[in-house]
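# Report on the structure
As a plain string of letters, each chain reads:
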Amino acid sequence: MKSIAISGSPRENVGKRDAKEQRYQGLVPAVLYGGTTQTHFSVSAADLRAVVYTPVVHFIDLQIAGVTSQAIIKDLQFHPLTEQIIHVDFLLLDDKKPVTIEIPIKLTGSSSGVKAGGKLVQKLRKLRIKALPKDHLDAIEVSIEGLEVGKSVKVAEISLPNLTITNAKEDTIVSVTTSRALRQAEQEAAQGKK
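Quick summary incoming for the structure in this document. What you see is a predicted model, and the numbers here were worked out from it, not measured in a lab. (Residues numbered from 1 in each chain as written. Predicted model: local features only at pLDDT ≥ 70, side-chain atom pairs only at ≥ 80, totals over all residues. Heavy atoms only, no water.)

### Some details on the overall build of the chain
When helices and strands are tallied, the chain shows 4 helices and 13 strands. Computed over C-alpha atoms, the radius of gyration of the chain comes to 23 Å, more than 25% over the 16 Å expected from 2.2 N^0.38 for 194 residues, which places it beyond the range of a compact globule. The C-alpha extent of the chain, read off along each of the three principal axes, is 80 × 40 × 25 Å. Among the 194 residues that make up the chain, the fraction classed as buried is 34%. Considering only residue pairs separated by 6 or more positions, the chain has 64% of its internal contacts joining residues 24 or more positions apart. Carbon and sulfur atoms provide 49% of the accessible area of the chain, an area that totals close to 12000 Å². The positive charge centre, built from 26 side chains, and the negative charge centre, built from 21, are 6 Å apart in the chain. (Helix = DSSP H or I, 4+ residues; strand = E, 2+ residues; numbered from the N terminus. Rg over C-alpha atoms; globule rule 2.2 N^0.38 Å. Buried < 20%, exposed > 50% of the residue type's maximum accessible area, 1.4 Å probe, protein only. Contact = heavy atoms within 4.5 Å. Areas by Shrake-Rupley, 256 points an atom, 1.4 Å probe, with all protein chains shown as cover. Lys, Arg positive; Asp, Glu negative; His and termini not counted. Charge placed at Lys NZ, Arg CZ, Asp CG, Glu CD.)

Below, the structure written as structure tokens:
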């Protein structure tokens, strides 16, 4: 999985007034959890954009006061009106502990149902995956090759080595439904036979 380096500076004061001052300076208050102690620091809002506003999942190499730690974003808080990031929670990664991350789904192949006039409907864009950090993938490929009208691919049909999918097994990832044009053509063909 890809990594992005972000540097942060430790925060001496932690409180509403200090957090407001940090945001005014273009910084975002943040906390790193998962270690022996919580680390309070701030990061540049511009540095976070490359990680937050992308469909790609990244591990983050956090550099705080000369110490580099590998982490993921666990939680984000946005301002209700401006939608600016106002707080970030990072989770420290441990090579021996599994971590749950949402990984994007990438559809591959071409569906015979779509070629016949059906409509491709992707219901899930990401899957929640639990695995050790070294086993996580950039994307999960789901083949739609041979998917006909009325058929679907469910979570239960996806198996990945060393990874556990935590979504419900009966959830539909992608399906091919009857489009309005195909339904109309079928009705016209049925009326023509009478």
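### What about the pairing of strand β4 (residues 59–64)?
Pairing of strand β1 (residues 3–10) with β4 involves 6 bridges; the strand directions are parallel. Looking across to β4, one finds that serine 3 is bridged to phenylalanine 59. With 5 bridges joining them, β4 and strand β5 (residues 67–78) adopt antiparallel strand pairing. Pairing of isoleucine 60 across the sheet is with alanine 71, part of β5. (Pairing = 2+ DSSP bridges.)

### Describing the layout of surface pockets
There is about 400 Å³ of room inside the largest pocket. In terms of lining, the largest pocket is formed by 16 residues, of which the most central are Val57, Ile73, Ile101, Glu102 and Lys126. Going through the elements one at a time, α2 (45–52), β5, β7 (99–108) and β9 (126–131) are the ones with two or more residues in the lining of the largest pocket. Sorting elements by how many residues they give to the lining of the largest pocket places β5 first, with 4 residues. Volume-wise, the second largest pocket comes out at about 260 Å³. Contributing to the lining of the second largest pocket are 15 residues, with Arg23, Val28, Ala45, Gln84 and Ile85 lying nearest its centre. Ranked by residue count, the leading element in the lining of the second largest pocket is helix α1 (residues 16–24), at 3 residues. Split by residue class, the lining of the second largest pocket holds 7 nonpolar, 4 polar and 4 charged. (1 Å grid on protein atoms, 1.4 Å probe; cavity = no way out; pocket = protein on both sides within 12 Å on 5 of 7 lines; lining within 4 Å. Points joined across faces, edges and corners; volume = space filled by probe spheres on them. Nonpolar A, V, L, I, M, F, W, Y, C, P; charged D, E, K, R; others polar.)

### Some thoughts on the sheet that holds β4
Around the barrel, 6 strands lie side by side as β1-β3-β2-β6-β5-β4; this closed barrel has mixed pairing. Direction aside, the axes of adjacent strands within the sheet are offset by 45 degrees on average. Note that β1 and strand β3 (residues 39–44) share 3 bridges and pair antiparallel. Along β3, the bridge assignment pairs glycine 8 with valine 43. Docked against the sheet, α1 engages β2 (27–33), β3 and β6 (85–92), running at close to 125 degrees with respect to β2. (Axes fitted to C-alpha atoms, helices over the stretch in contact; angles between N-to-C directions.)

### Let's talk about unusual backbone geometry
At alanine 65, a residue that is not glycine, the phi angle is positive and equals roughly 50 degrees. Tracing the backbone shows alanine 65 in the loop between β4 and β5. At asparagine 162, a residue that is not glycine, the phi angle is positive and equals roughly 65 degrees. Counting through the fold element by element, asparagine 162 comes out in the loop between β11 (152–154) and β12 (164–165). Since its relative accessible area comes to 60%, asparagine 162 is described here as exposed.

All we've got here are geometric facts, nothing functional implied.
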